[in-house]
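Working through the structure, step by step
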Amino acid sequence: MKLVLVLGDQLTPSLSALRAADKTQDVVIMAEVRDEATYVRHHKKKIAFTFAAMRHFAQELQADGWNVVYSRYDDPAASESIPAALLTQAQAFKTDKVLTTQCGEHRLRSAITDTPLAIETLPDDRFISTTENFNTWADGRKQLRMEYFYRDMRRKTGLLMEGDRPEGGHWNYDKDNRKPAKRDLFFPRQLEHTPDQITETVLDLVEQHFPKHPGNLRPFLLATDRQGAERSAATFFETALPLFGDFQDAMLSGEAFLYHSVLSTYLNAGLLDARQLCDQAAAAYAAGKAPLNAVEGYIRQILGWREFVRGIYDREGPNYTARNHLSATGALPPFYWDPSATDMACVKSAVAQTLEYGYAHHIQRLMVTGTFALLAGVDPYALHEWYLAVYTDAYEWVEVPNVIGMSQFADGGVLASKPYAASGAYISRMSDYCAGCAYSVRKRRGPGACPFNPLYWDFLVRNREKLAGNPRMTQMYRTWDKMDEVSRAETLHSAAEILTKLHSGDRV
Ligand code: FAD
Ligand code: DLZ
Ligand code: SF4
């Protein structure tokens, strides 16, 4: 007889460990544990979602005939960690055999295999690609770029292919996307899920046991079971997918979700399936319900980006998280936890929304909170801990490549070809934040100037030695070098003033 470990992001009936187990004799182990709930200060909604989804999944397994030993967080005998829970149950059932599906995070992978138990680990085949497939593709390449991996995956899966050619003649339709949002557009509403008794009990538990964790717990409108997640997915495909591509990069104050799917939390926990979502999008295109630029853009995010970052995380190993190519050491500014502590409308809006929903869309994560931290020289590890804590979809395997690699260039270019450094002009073009900001995006330096503006140049100057050789940065350095000396000195002075304020905890 074996124990079958099911983690909080493995809530999938066809999980490899469950497929390999025998429900007539093996026992499923699920445990709400202190270590997982507190290894970073997770958003209250993230803990609530995880525990509630775990409880619903345990019920689903029991209804399907499985013997599930489920340990609740507030059980007096609850274990403190996953390895401790396994050891307790191994003793109770007098077995040392444990079946697992490979855990997403290096941290927990080694904690599980370091136990004295006989751990059999099966691959996590909920991903569309495999680790071996990624490594075969990556081996021998000078640079790993998502676009080429994605094309390979399109060929391998046949998604949006006409024979060996991409549907419509192009691999990528981003030239049709990236429009700024307009106020007068119709925005589809998110499906709001009313918590059932199981979820209400978990909400009370989180309120009681995690009062100091960030974020608003209520209203709690997330789905916590497969059926609910599938209803949210169906709503996205019907109402938002057609305009997903056009406004993928747009930001609008007061509109957290725009045309995004807001399904990553369900997908990463195992309530939705990656291949199925891609197939549903492709079917919407085939039925004429959504245009190619939207469907290709959506499929690329999952088949391309999601699979690519997972491959990078596995390939780069446990030390990836600690990389700091640009030697940034600044503290994370307090306004990442308290939006009222900044006057920058864009950052205030992205952080406030993050604390409310445990959600921000890609461009808010990349070009607002991410770019600000990059320009201000925030320690990438501290920033990584923030992202891992505040988003309900965050697990290291997906968060770390996005933060350490894509957003902070702390891996020196493993994932991205250049840093996502930008002045306020980008945010001004793609959002309406600047109109309601205390700073002026048009002002380049001095009192009242948008902090992104002088910090952008300061970032380039600070990191010249490491970045100037990058052909994609040449134009930026040329522009700086052409600027007159007085302007350059004033710009750097202005940046120094902002950095001093940040370092001394003063308001920016
Ligand atoms: P949509 O915009 O609707 O996109 C569709 C799907 O594509 C998403 O549901 C997601 O599964 C996938 N996807 C899109 N972009 C990426 C990407 N870059 N990497 C991996 N998958 C992607 N995503 C996470 O799932 N967890 C994280 O912890 C996370 N942290 C991030 C941190 C930073 C600094 C950045 C720049 C991005 C991060 N992302 C993360 C990627 C992306 O921002 C989210 O996947 C997306 O915002 C989720 O919202 P959505 O479901 O509405 O996505
Ligand atoms: C995110 C999370 C939280 C908050 N709590 C638990 C838990 O109590 N028990 C559990 O099995 N999983 C939890 N998780 C998800 C794990 O952190 C996740 O499985 C690992 O980080 C691997 O990706
Ligand atoms: Fe953000 Fe600068 Fe615009 Fe203010 S002016 S919203 S700080 S980009």
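In this text, all values refer to a predicted model and were calculated from it rather than measured experimentally.

Cut-off values and rules
Residues numbered from 1 in each chain as written. Chains lettered and ligands numbered in written order. Predicted model: local features only at pLDDT ≥ 70, side-chain atom pairs only at ≥ 80, totals over all residues. Heavy atoms only, no water. Domains from an automatic or database assignment. Contact = heavy atoms within 4.5 Å. Buried area = accessible area lost by both parts, 1.4 Å probe. Salt bridge = Lys/Arg side-chain N within 4 Å of Asp/Glu carboxyl O. Polar contact = N/O pair within 3.5 Å; in protein donor to acceptor, adjacent residues only side chain to side chain. Pairing = 2+ DSSP bridges. Helix = DSSP H or I, 4+ residues; strand = E, 2+ residues; numbered from the N terminus. Axes fitted to C-alpha atoms, helices over the stretch in contact; angles between N-to-C directions. Near = heavy atom within 4 Å. Areas by Shrake-Rupley, 256 points an atom, 1.4 Å probe, with all protein chains shown as cover.

1. Overview of the domain arrangement of the protein
- For the protein, the assigned domains read domain 1 (3-122), domain 2 (131-188 + 240-316) and domain 3 (334-504).
- On a C-alpha basis, the centres of domain 1 and domain 2 stand 31 Å from each other.
- Taken residue by residue, the interface counts twelve residues in domain 1 and nine residues in domain 2.
- Interface of domain 1 and domain 2: buried area, both sides summed, is about 740 Å²; carbon and sulfur atoms make up 52% of it.
- Looking only at domain 1, the three residues that lose the most surface to domain 2 are L11, F49 and H106, adding up to 56% of its buried area.
- Our count for the domain 1 to domain 2 interface comes out at one salt bridge.
- The partner of D314 in a salt bridge is R109, and the shortest N-O contact between them spans 2.9 Å.
- At the junction of domain 1 with domain 2, the criterion picks out four residue pairs in polar contact (both at pLDDT 80 or more).

2. Points about the sheet that holds strand 4 (residues 97-101)
- Here five strands make up an open sheet; going across it, the order is 3-2-1-4-5 and the pairing parallel. This sheet does not close on itself; its edge strands, each paired only once, are strand 3 (67-71) and strand 5 (118-122). Between one strand and the next, the sheet's axes are offset by a mean angle of 25 degrees, whatever the strand orientation.
- Taken together, the three bridges between strand 1 (residues 3-5) and strand 2 (residues 27-31) define a ladder with parallel strand orientation. Along strand 2, the bridge assignment pairs L5 with I29.
- Taken strand by strand, helix 3 (residues 44-63) contacts strand 2 and strand 3, and its axis lies near 160 degrees from that of strand 3.

3. Details of the site of ligand 1
- Inspection of the region around ligand 1 gives 29 residues, with H260, S261, V262, N268 and Y359 positioned closest.
- Here a nitrogen atom of ligand 1 sits 3.5 Å away from a polar atom, N or O, in the side chain of R365.
- If ligand 1 stood free it would expose 820 Å²; the protein chains cover 99% of that surface.
- When residues of the shell around ligand 1 are traced back to their parent elements, those giving at least two are helix 11 (264-269), helix 13 (292-316), helix 15 (362-376) and helix 17 (396-407).

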